[in-house]
Amino acid sequence: MPAAPISPVKRKQVLRVIFISLLLDLISFTFILPLFPKLLEFYRNLETQDDTSSLLNRILLGLNTYKRSFSRPISDRYDIVLLGGALGSLFSFLQAIASPVIGTLSDKYGRRTALLWSMAGNIASVALWVAATDFRTFLASRVVGGLSEGNVQLATAMAADVSDDKQRGATMALVGVCFSIAFTFGPALGAALANIETVVANPFATAAGFSLFLIVLETMYLYLYLPETLPSSRARSRNIGATVKTGSEQQKHIRTNSHSLLNFTHFIFILFFSGMEFSLPFMTYDLFAYSSSQSGRLLGFMGLTASILQGSVTRKLHPLRVVQLGVVACAASFFMLGRLTTEAGLWGAATLLAVTTATVVTGLNSLSSFEAAEGERGGKLGNHRSWGQIGRTCGPLLFCTLYWWAGRDVAYAVGGAGMLGVCAVVFGALKAPPKSLIQK
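What you see is a predicted model; the values in this text were computed from it and never measured.

## Observations regarding the overall build of the protein chain
Each helix and strand counted, the protein chain has 18 helices and zero strands in total. In the protein chain, buried positions account for 55% of the 440 residues. Sequence-distant contacts in the protein chain: of pairs separated by 6 or more residues, those separated by 24 or more amount to 85%. Accessible surface computed for the protein chain: about 18700 Å², of which carbon and sulfur atoms make up 66%.

Structure representation (structure tokens):
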């Protein structure tokens, strides 16, 4: 039988805990983003001096072999960027493996239990970063983090647990706001902390240590204040190993979009979007000789704009309209990026990308949550996230390969055409749930 409706007081409590914990988690996660170039340069210089056959040097040799396969020369300046991209793809691949498992376990044992075990893995990951005086240890920290990070998907599942269909879009926008705030301020804070050297053997230990402090603080906060949100019907049924739904309950959870269609839409959107996202530093350097700080200001502007849009626009629109708005903005930005010649054009395209960041993934998460019954929500949302992470694993490699082989114009034209294909799926195949389900 369905779980009893959650009280407004408890819902407000859960959403407050979700917001604070997710904000702490994402700020900690984004600390490392601006540090990747200097951090990887530190390990490269260290291991080049000590051992030319080290793991890092073997990886760099493989990346340079790949780089030399292109007909156009690629500056050595991009060696570290390529290495950072490879590590990002590894993290996304591990997330694609772990997300469905974490989601399914949360359906069986509860969101709170799954999240606390996930946080234990996050603590181990960041602790390894604090102790990473060599590349092997740092790589281990990324592997552990990729396999254990579950805060985002479980926060999404918990937000869906405490929201009815009418509240779903606004609640998912709250999760999106956390992303935008964290990506606006987290990288800048991480860069500032990296200037404080406390451990000679690991110049980034201060940033890593503060990241560890935030993760431990988040874990304690969750342990003390997070109630279980798993619907009681599933909590009772897990003891007999199966969920038996009545005919009326099964009918309640029949929606107009299949999970396969939503997962495929998520995959192809992230495939193109992540490739373009990763290519931006190359393009801004090639066209306008942007420094890291200038690129950081551009990304900060996008994050701040996305945060404002999520708080003012995304939360008020139906999730399907949110997705439609975002994919159209993304397609337009692709074609602008392929043809722009001025910085004004770049900032215009960045504004469209901020619209995309504020809308598409949030809307798709909402639509996916409509499809899931109470007892399978964690697993279904985990699968949905997994498909997005597969796209993020492949997108940067495929798009940058095209960028270097065929040039900027062709790469962004192909990306724009691909995004038009995404638009066709979103406008032609996805449908809004019946009004009776939205206006309950």
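## A short note on the pattern of salt bridges
Inspection of the entire model under this criterion finds four salt bridges. The salt bridge partner of arginine 111 is aspartate 107, with a shortest N-O separation of 2.8 Å. Given a relative accessible area of 4%, aspartate 107 falls into the buried group. Put simply, glutamate 277 and arginine 392 hold a salt bridge, and the shortest N to O gap is 3.0 Å.

## Here we look at the nonpolar core
Residues Leu40, Trp129, Phe138, Phe269 and Leu337 are the most contacted members of the largest nonpolar core, which totals 99 residues. By residue number, the principal contributor to this core is helix 12 (residues 259-288), which donates 13 residues. Those residues in contact with phenylalanine 138 that lie beyond four places of it in its chain are Ile32, Phe36, Leu39, Leu40, Tyr43, Leu87, Trp129 and Ala132.

## Structural notes on the side chain of glutamate 149
Topologically, glutamate 149 is positioned in the loop between helix 6 (135-148) and helix 7 (151-161). As a buried residue without a salt bridge, glutamate 149 has its nearest oppositely charged side chain in arginine 385, at a separation of 5.8 Å. Of the polar contacts made by the side chain of glutamate 149, one reaches the side chain of asparagine 122; its length is 3.3 Å. Within the structure, the side chain of glutamate 149 is placed 3.0 Å from the backbone nitrogen of asparagine 151, a separation counted as a polar contact. Apart from the residues lying within four places of it in its own chain, the contact partners of glutamate 149 are Asp25, Phe91, Gln95, Ile102, Ser118 and Asn122.

## Some thoughts on the packing of helix 5 (residues 111-130) against helix 7
Put simply, helix 5 and helix 7 touch, their axes get as near as 10 Å, and they point 165 degrees apart. Between helix 5 and helix 7, the angle is such that the two are roughly antiparallel. Like other packed secondary-structure pairs, helix 5 and helix 7 cross with a definite hand, here left-handed. Touching Arg111, Ala114, Leu115, Ser118 and Met119 of helix 5 are Asn151, Leu154, Ala157, Met158 and Asp161, all from helix 7.

## Details of the state of the cysteines
Across all of its chains, the model carries zero disulfides by this definition. Left without a disulfide partner, cysteine 423 is nearest to the cysteine sulfur of cysteine 330, which lies 8.1 Å away.

## Focus on empty space enclosed by the protein
One water molecule sets the probe size; rolling that probe over the atoms shows where empty space is left. One pass over the full model with this rule turns up one cavity of 30 Å³ or more. Here the largest cavity is characterised by a volume of approximately 240 Å³. Considering the residues around the largest cavity, the lining is formed by 16 residues, among which Ser28, Phe29, Ser125, Val126 and Arg142 are closest to the centre. A per-class count over the lining of the largest cavity returns seven nonpolar, six polar and three charged.

## Remarks on helix 12
Note: α-helices contain 3.6 residues per turn, so residues at a spacing of three or four share the same orientation. In this model, helix 12 (30 residues) spans 42 Å end to end at C-alpha, consistent with the 44 Å of a helix rising 1.5 Å per residue. With 21 of its 30 residues buried, helix 12 lies for the most part within the structure.

Basis of the calculations
Residues numbered from 1 in each chain as written. Predicted model: local features only at pLDDT ≥ 70, side-chain atom pairs only at ≥ 80, totals over all residues. Heavy atoms only, no water. Helix = DSSP H or I, 4+ residues; strand = E, 2+ residues; numbered from the N terminus. Buried < 20%, exposed > 50% of the residue type's maximum accessible area, 1.4 Å probe, protein only. Contact = heavy atoms within 4.5 Å. Areas by Shrake-Rupley, 256 points an atom, 1.4 Å probe, with all protein chains shown as cover. Salt bridge = Lys/Arg side-chain N within 4 Å of Asp/Glu carboxyl O. Core = buried A, V, L, I, M, F, W, Y, C linked by side-chain atoms within 4.5 Å. Lys, Arg positive; Asp, Glu negative; His and termini not counted. Polar contact = N/O pair within 3.5 Å; in protein donor to acceptor, adjacent residues only side chain to side chain. Axes fitted to C-alpha atoms, helices over the stretch in contact; angles between N-to-C directions. Parallel < 35°, antiparallel > 145°, perpendicular 65-115°, else oblique. Left-handed = near helix turned anticlockwise from the far one by under 90°. Disulfide = S-S within 2.5 Å. 1 Å grid on protein atoms, 1.4 Å probe; cavity = no way out; pocket = protein on both sides within 12 Å on 5 of 7 lines; lining within 4 Å. Points joined across faces, edges and corners; volume = space filled by probe spheres on them. Nonpolar A, V, L, I, M, F, W, Y, C, P; charged D, E, K, R; others polar. Expected span 1.5 Å × (residues − 1).

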